[in-house]
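Next come the chains, spelled out residue by residue.
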Number of protein chains: 2
Amino acid sequence: MLYIGIDVGGMSIKAGLVDEEGNILFKHSCPTGVERGYVAVIRDIAQLGLATVEKAGRRMDEVKAIGIGIPGIMDQRTGIIPFCTNLAWHDVPIIEEMKQYTDLPVYVDNDATVAGLAESVKGVSAGTQNSVFITLGTGVGGGVVLNGKVFSGAHGVATEIGHMVTVAGGLPCTCGKRGCWERYASATALIRAGRVLCAEKPSCTLMKHVDGDIRTITAKDVIDLAMAGDADCVKIFDDYIYHLVVGLTNLINVYDPEVIVLGGGVSHCGDFLLNAVRSLLPKYVFFKSMPYARVELARLTNDAGIIGAAMLGR
Amino acid sequence: MLYIGIDVGGMSIKAGLVDEEGNILFKHSCPTGVERGYVAVIRDIAQLGLATVEKAGRRMDEVKAIGIGIPGIMDQRTGIIPFCTNLAWHDVPIIEEMKQYTDLPVYVDNDATVAGLAESVKGVSAGTQNSVFITLGTGVGGGVVLNGKVFSGAHGVATEIGHMVTVAGGLPCTCGKRGCWERYASATALIRAGRVLCAEKPSCTLMKHVDGDIRTITAKDVIDLAMAGDADCVKIFDDYIYHLVVGLTNLINVYDPEVIVLGGGVSHCGDFLLNAVRSLLPKYVFFKSMPYARVELARLTNDAGIIGAAMLGR
């Protein structure tokens, strides 16, 4: 069978026709046009998705389902998206809307969840039944696959791993709590630490690197200088790795997956990140003599959203 | 079908014959005699378990499996118990040993896991498919049921929730890490806080309550005084509840269960604990407008170990 996979982002809608093994047979995209409201956006999602079948030269009766990845959460019981900040969606009845355009079963899930599923079908965690995918970006998102299936919990709000508290009473989070993991393990955490460094030590290399404009500091700036051996940025990076590993060991303690996949912006620094995590993790794992999750970098890049969304219907 | 369930503790071995619905048809027990070593203890486990069938007046061909709950962890891939501190067991081939006495399938799992399964079959979480059981005792243990089945992870070391770090860089833990949840949410945490109080303020009510011997402080002493309105102990209790709730919201973020069941010694203070948790939890839950796990007290007491072990084979 074939599957239509759609990756909905704030900037573009990407749709692809995907086979049973996660191969993309045809893909195309269009701008999201968030400002038009959800009715128009969902119409485009449906039309773009359905058009992949004809453009790939296949028949509709070969297609089993449509899957959609969204940058928000989905209430699986009601078929409604309660929140989707990047699309400015609130209580959007996506399943009902989609039914106007197709009789195919429609599956919707969070984009990090979908990306994790894609990695477990076609990426670095292929062949495993239990994996945790983590996006290290503006925040920290998660996608959990257990027994080969997306794990969303009883109310569809599981795997909000970025808001797992690892520093009780720590830094205030956007969610209203203090000490959430994403305050310490996201790209934003590296930027914040870089800004604090420049404020406290204006003579630092990072300050020169950004020509004195601390508003322009990126996670990549901090990591690049850490890779180059700048002592201040090495310290920031080491602290980042410590907090990242604390959260990873928590995930090992609760999910005990076969593999943890690191994705998102911070993961683009590659082996520098991976080697640091791999060297510190054994120190913090609870059962040191038992096997535990291996840590890997995400392998699929732009196509993860299409492939994972398609695989929701498999 | 019927199931033999065996609850192995440091002091006694309890065995029962259990029906499909989790009802105990017959039970008996004997001292564990840890000092005799694992061969003798496992022989007793097998004989005590098998004897329940005859004593209940049933036939062996009605019995589907034997389940065993142990105060340690089980490596499901190898059939070996790597650690079981209370029994002084290390690398014990329990499946192989049991095979000498019976051809029935043998299932072994951690005692908190087993108690959680029992609650989900016959206790407060009966009727749910996804539950998290937490023992608030010397440490903090966990038993997770997902889709109606015990969740043990890929390597059998999942649900080590007591060693989830909630205070990175916090109090040293027996496991070698710092800031594990059980340092803040166990009965031991209440005792430690009580001792600190007495050391810093020898005129406190708790000090009088224990006749000046801070070595005798129990979690119940601290809770009893908090219930009576003693300001110092109320403060300790409130801090305890905060840390307990931080961990509970983490569990909601990762497992999103239908129900969280509080068991173990601290749970015996009943509604005083439950009401405190229920009133603080909504403040820390991530998706405030979405449904989330209800929190309940464990209902099964001494029989949870037998029932849950039996249900491993169901």
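These figures come from a predicted structure and were not determined experimentally.

*Asks:* For this particular structure, what's the right way to read the overall build of chain A?
*Replies:* Looking only at helices and strands, one finds ten helices and 13 strands in chain A. Relative to a compact globule of 314 residues, whose C-alpha radius of gyration would be 20 Å, chain A shows 20 Å and is just as compact. In terms of principal-axis extent, the alpha carbons of chain A reach across some 65 × 50 × 35 Å. The burial tally for chain A puts 55% of its 314 residues in the buried class. Sequence separation of at least 24 residues holds for 62% of the intrachain contacts in chain A that already meet a minimum separation of 6.

*Asks:* In this structure, what is going on with the packing of helix H5 (residues 187-200) of chain A against helix H7 (residues 219-227) of chain A? I would like to understand it.
*Replies:* Working note: a packed helix pair is described by the angle between its axes plus the distance between those axes. All names here are of chain A. Where H5 contacts H7, the axes come no closer than 8 Å and their chain directions differ by 70 degrees. For the element pair H5 / H7, the angle class is roughly perpendicular. In this structure, H5 uses Ala-187, Leu-190, Ile-191, Ala-193 and Gly-194 to contact H7, whose residues at the interface are Ala-219, Asp-221, Val-222 and Ile-223. Tallied by class, residues from the contact of H5 with H7 come to seven nonpolar, one polar and one charged.

*Asks:* I'm lost on the interface of chain B and chain A in this one. Help?
*Replies:* Many authors give the size of an interface as the accessible area that is lost as the parts come together. Facing 36 residues of chain B, the contacting portion of chain A comprises 36 residues. At seven residues, the largest contribution of residues to the side of chain B that touches chain A is made by helix H8 (residues 231-255) of chain B. Per-class residue counts for the side of chain B that touches chain A are 20 nonpolar, eleven polar and five charged.

*Asks:* Teacher, can you tell me more about the sheet that holds strand E2 (residues 12-19) of chain A here?
*Replies:* Paired through backbone hydrogen bonds, the strands of a sheet run either parallel or antiparallel to each other. All names here are of chain A. Spatially, five strands are ordered E3-E2-E1-E4-E8 in an open sheet, and the strand pairing comes out mixed. Looking at the sheet topology across the chains shown, the edges are occupied by strand E3 (24-31) and strand E8 (106-110). Neighbour-to-neighbour, the strand axes of the sheet open up by a mean angle of 20 degrees, direction not taken into account.

*Asks:* Honestly, the sheet that holds strand E11 (residues 149-150) of chain B in this entry has me stumped. Any pointers?
*Replies:* All names here are of chain B. One open sheet accounts for five strands, arranged E11-E10-E9-E12-E13; its pairing is mixed. The open sheet is flanked by E11 and strand E13 (294-297), the only strands paired with a single partner. Bridge count between strand E9 (residues 131-136) and strand E12 (residues 259-263): five bridges; the pairing is parallel. Residue pairing in the sheet places Ser-131 in a bridge with Val-259 of E12. Running over the sheet, helix H3 (residues 111-122) touches E9, strand E10 (140-146), E11 and E12 and is turned about 45 degrees from E10.

About the thresholds
Along each chain, numbering runs from 1 in the same order as the chain's sequence is written. Labels follow written order: the first chain is A, the first ligand is 1, and so on. At least 70 in pLDDT is required for a residue's local features to be given in this predicted model, at least 80 for side-chain atom pairs to be given and counted, and no such filter applies to totals for whole chains, interfaces and linings, which use all residues. Put simply, DSSP H or I for four residues or longer makes a helix, DSSP E for two residues or longer makes a strand, and each gets a number counted from the N terminus. Using C-alpha atoms as the atom set, the radius of gyration is obtained and then compared with a globule rule of 2.2 Å times the number of residues to the power 0.38. As a rule, residues whose C-beta atom has 12 or fewer other C-beta atoms within 10 Å are exposed, those with 20 or more are buried, and those in between are partly exposed; C-beta atoms are placed from the backbone. Residues are scored as being in contact if the C-beta atoms we place from backbone atoms lie within 7 Å. Axis angles are defined between N-to-C directions and span 0 to 180 degrees, where every axis is a line fitted to C-alpha atoms and, for a helix, only to the segment in contact. When an angle is under 35 degrees it counts as roughly parallel; over 145 it counts as roughly antiparallel; between 65 and 115 it counts as roughly perpendicular; any other value is oblique. For this scheme, ten residues count as nonpolar: Ala, Val, Leu, Ile, Met, Phe, Trp, Tyr, Cys and Pro. Four count as charged, namely Asp, Glu, Lys and Arg, and the remainder, Gly too, count as polar. Strand pairing requires that DSSP identify at least two bridges connecting the strands.

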